[in-house]
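Residue-level structure breakdown
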Amino acid sequence: MSTNFKGADRLEGTYNNVWVEYSDLVTEHNALNLGQGFPDFLPPEHVLKALAEVANSNSVHLNQYTRGYGHPRLVKSIAQLFSKLHGHQLDPFKNVLVTLGAYESLFCCIQGLVNPGDEVIIIEPFFDCYKPMTTVAGGIPVFVPLRPNNLCSVMSSSDWTLDPVELESKFTKKTKLLIINTPNNPLGKVYTKDELTMIANLCKKHNVIVIADEVYEWLLYGGQKHIRIATLPDMWERTLTISSAGKTFSVTGWKLGWTIGPDHLLKHVSALHQNCVYTSPTPLQEAVAVGFELETDRLGKPECYFNELPAMLAPKRDELAKQLLEAGFVPVIPDGGYFMVADFSKLSEFVKQCKRFLLV
């Protein structure tokens, strides 16, 4: 009897994943994994304490299913904080959707909005899942690159920019979405207000929806400011903003994220979520809610974790850049995020010499 069953056609080209490959290689060679963005330090104590208290609570309800679109305490705490950040009063039960990580948020946004043949503009370099999520939905990825305008021994992520003319050329009558990631993974580019305004104006001109992947919103260095594209004029109504508890509180293994947006867009995302995952773990949502309640009160103060985290990571960024330079790489110094891209082309001659030596 044959067991050679064919999978769904829409999955063609999506079976391989770079992070699966990296993880397998790390295990095989007992290597240090610099490819994935997860911390090697503990989350803030009050967040861990909150989870422990939930686990030891006498509350029956905290161990059972919670509201499918987001635990009430969590969506209320998200709405309270992000209403301030967006300058727009959020309804916790209409404008916030909690998901299994920002990854699920991305999946539900794309699956919930893209029809076969719709085009999705993706800015390169990009988080690898954008492309397969688009193609599985039947969409057509349309790529436009950030290009470096300063080729020297040390580059900054701010040296990488979009050509406005080239970007506009990518918009067609079929364009449904544009995905913007700021701070960018992997470059660490933090888009300026002028850059985001240019992108926003094109999206309004061509009536395109924006998915704003802002999971690294708190990881900013050197006085950089995070501008939320949804806060620009007339952009709230066409923007879905995605965030991550994993990146916010250094708990990537908790896999909690959320999407913020207007009800007329979020209802499509929520429909996908309820028919795919339905709900997220109640104890984790409760603990993250406690974390947000405390940090909202600390917002703007030195003791706020949103300030402590980048202050802790900045010296590590600088040390890694120093080590890469000494090793012959040309690093791109990130203004935000976890990652650092480095040009290794100067090592090619060294590798050739090593090969010649081994052959001798």
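Residues numbered from 1 in each chain as written. Predicted model: local features only at pLDDT ≥ 70, side-chain atom pairs only at ≥ 80, totals over all residues. Heavy atoms only, no water.

A closer look at the pairing of strand β10 (residues 257-260)
- Neither face of β10 is left uncovered, since the one carrying G257 and T259 and the one carrying W258 and I260 both have all their residues buried.
- Inspection of the sheet shows strand β1 (residues 96-99) paired to β10 by four bridges, in the antiparallel sense. By the bridge assignment, T99 is partnered in β10 with G257.
- Here strand β9 (residues 239-244) runs beside β10; their pairing, made up of four bridges, is antiparallel. Bridge assignment links S243 to a residue of β10, and that residue is W258. (Buried < 20%, exposed > 50% of the residue type's maximum accessible area, 1.4 Å probe, protein only. Helix = DSSP H or I, 4+ residues; strand = E, 2+ residues; numbered from the N terminus. Pairing = 2+ DSSP bridges.)

Things to note about the sheet that holds strand β12 (residues 341-343)
- Taken in spatial order, the three strands line up as β5-β11-β12 in an open sheet, and their pairing is mixed. Lying at the two open borders of the sheet, with one neighbouring strand each, are β5 (155-156) and β12.
- Both strand β11 (residues 330-333) and β12 contribute to a ladder of three bridges, which runs antiparallel. Across the sheet, residue V332 finds its bridge partner in β12, namely V341.
- Relative to β11, helix α11 (residues 305-326) is tilted by about 160 degrees, and along the sheet it contacts β11 and β12. (Contact = heavy atoms within 4.5 Å. Axes fitted to C-alpha atoms, helices over the stretch in contact; angles between N-to-C directions.)

Focus: the side chain of K189
- Note on placement: K189 falls in the loop between β7 (175-181) and α7 (193-205).
- Under the relative-accessibility criterion, K189 is labelled buried at 1%.
- At 2.8 Å, the side chain of K189 forms a polar contact with the side chain of E195.
- Not counting the four nearest positions on each side in its chain, K189 is found in contact with L146, S157, S158, W160, T161, T182, P183, N184 and E195. (Polar contact = N/O pair within 3.5 Å; in protein donor to acceptor, adjacent residues only side chain to side chain.)

Side note on the packing of aromatic side chains
- Scanning the model with the defined rule gives 15 aromatic pairs in all.
- Aromatic pair F82 and W258: ring centres 6.1 Å apart, planes at 70 degrees, arrangement edge-to-face. Of this pair, F82 sits in helix α3 (residues 72-86) while W258 sits in strand β10, and the two are 176 residues apart along the sequence.
- Look at W258 and you get buried, because its relative accessible area is 0%.
- Ring geometry for F249 and F292: centres 5.2 Å apart, planes at 65 degrees, overall edge-to-face. With a gap of 43 residues between them, F249 in the loop between α8 (245-248) and β10 and F292 in helix α10 (residues 282-298) connect regions that are remote in the sequence.
- Taken together, the ring pairs in this structure connect F82, W218, F249, W258, F292, Y305 and F306 into an aromatic cluster.
- One residue, R228, lies across the ring of W218, its end atom 5.9 Å from the ring centre. (Phe/Tyr/Trp six-rings, centres within 6.5 Å; stacked < 30°, edge-to-face > 60°. Lys NZ or Arg CZ within 6 Å of the ring centre and 35° of its normal.)

What about the pattern of salt bridges?
- Counted under the stated rule, the structure contains 13 salt bridges.
- Here E166 and R147 are joined by a salt bridge, their closest N and O atoms 2.8 Å apart. Taken as a pair, E166 in helix α6 (residues 164-169) and R147 in strand β4 (residues 147-148) lie far apart in primary sequence, 19 residues in all.
- Overall, the relative accessible area of 45% leaves R147 in the partly exposed class.
- Salt-bridge contacts for R317 lead to D318; the nearest nitrogen and oxygen are separated by 3.0 Å.
- Sharing partners across several salt bridges, the network here consists of R73, E286 and E293. (Salt bridge = Lys/Arg side-chain N within 4 Å of Asp/Glu carboxyl O.)

What about unusual backbone geometry?
- The step from E124 to P125 runs through a cis peptide bond, and the omega angle for that step is -5 degrees.
- Mapped onto the fold, P125 is located in the loop between β2 (119-124) and α5 (130-136).
- A cis amide bond links N185 with the next residue in sequence, P186, at an omega value of 20 degrees.
- As for its placement among the helices and strands, P186 is situated in the loop between β7 and α7.

Some details on the nonpolar core
- Core analysis: the largest hydrophobic core is formed by 60 residues, its most contacted members being I78 and F292.
- Leave out the neighbours within four places in its chain, and F292 touches L74, S77, I78, L81, F82, T248, F249, W258 and F306. (Core = buried A, V, L, I, M, F, W, Y, C linked by side-chain atoms within 4.5 Å.)

Section: the pairing of strand β3 (residues 140-145)
- Of the pairings in the sheet, the one linking β2 to β3 comprises six bridges and is parallel in character. Across the sheet, the residue bridging to I122 is F143, located in β3.

A few points about the environment of A102
- By the secondary structure assignment, A102 is in helix α4 (residues 101-113).
- With relative accessibility at 11%, the residue A102 sits in the buried group.
- Residues A102 and H46, 56 residues apart in the sequence, show an inter-C-alpha distance of 22 Å.
- Those residues in contact with A102, other than ones at most four positions away along the chain, are V215, I242, S243, S244 and G257.

Digging into α4
- The terminal C-alpha atoms of α4, which comprises 13 residues, lie 19 Å apart, in line with the 18 Å expected from a rise of 1.5 Å per residue.
- Those residues of α4 that fall on the buried side of the exposure criterion are G101, A102, E104, S105, L106, C108, C109, I110 and L113. (Expected span 1.5 Å × (residues − 1).)

Geometry only, nothing functional implied.
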